[in-house]
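Residue-level listing of the chains:
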Amino acid sequence: QVQLVESGGGLVQPGRSLRLSCVASGAILDHYTVGWFRQAPGHVREDIGCINSQDDRLYYADSVKGRFTISRDNPKNTVYLEIASLKSEDTAVYYCATDSTRNDYNYCSASGMGEYDTWGQGTQVTVSP
């Protein structure tokens, strides 16, 4: 069974960049579409984007286009989320997720952001001077 663990969060000053990692165990992550999400205290969970399994096609929510980049490092069984020019409103718990029942299946799209059933524990990003 695929399991995901996020890491890389912490306390970061505004304007800095940060790279978060989503590391898989129990499966080859290249076979799975992976999504990124975030949730700030008192707010609903927000879609960030995703990367497809078979063709690595990317989708980003309109709210994060231009500053957020998703990529794969398949030898490390890892999907990354890079955030540039961090702002205070980026403060949130960041999650990666996949659908454990859909290996070798492409569903990275706006409409596919509700397809995930397997989630990491999240990593906290706090942006503050």
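Residues numbered from 1 in each chain as written. Predicted model: local features only at pLDDT ≥ 70, side-chain atom pairs only at ≥ 80, totals over all residues. Heavy atoms only, no water.

Chemist: So what's going on with the pattern of salt bridges? Which residues, and what values?
Modeler: On inspection of all chains with the given rule, the structure shows 7 salt bridges. Ionic pairing is found between Arg-38 and Asp-90, a salt bridge with its closest N-O pair at 2.9 Å. Taken together, the positions of Arg-38 in strand 4 (residues 34-39) and Asp-90 in the loop between strand 8 (78-83) and strand 9 (92-98) put the pair 52 residues apart, joining distant regions of the chain. Given the relative accessible area of 8%, Arg-38 is considered buried. Linking Arg-67 and Asp-90 is a salt bridge whose minimum nitrogen-to-oxygen distance equals 2.9 Å. Here Arg-67 is found in the loop between strand 6 (58-60) and strand 7 (68-73), whereas its partner Asp-90 is found in the loop between strand 8 and strand 9, with 23 residues between them in sequence. Judged on exposure class, the residue Arg-67 and its partner Asp-90 are both buried. What emerges from the salt-bridge pattern is a single network uniting Arg-38, Glu-46, Arg-67 and Asp-90. (Salt bridge = Lys/Arg side-chain N within 4 Å of Asp/Glu carboxyl O. Helix = DSSP H or I, 4+ residues; strand = E, 2+ residues; numbered from the N terminus. Buried < 20%, exposed > 50% of the residue type's maximum accessible area, 1.4 Å probe, protein only.)

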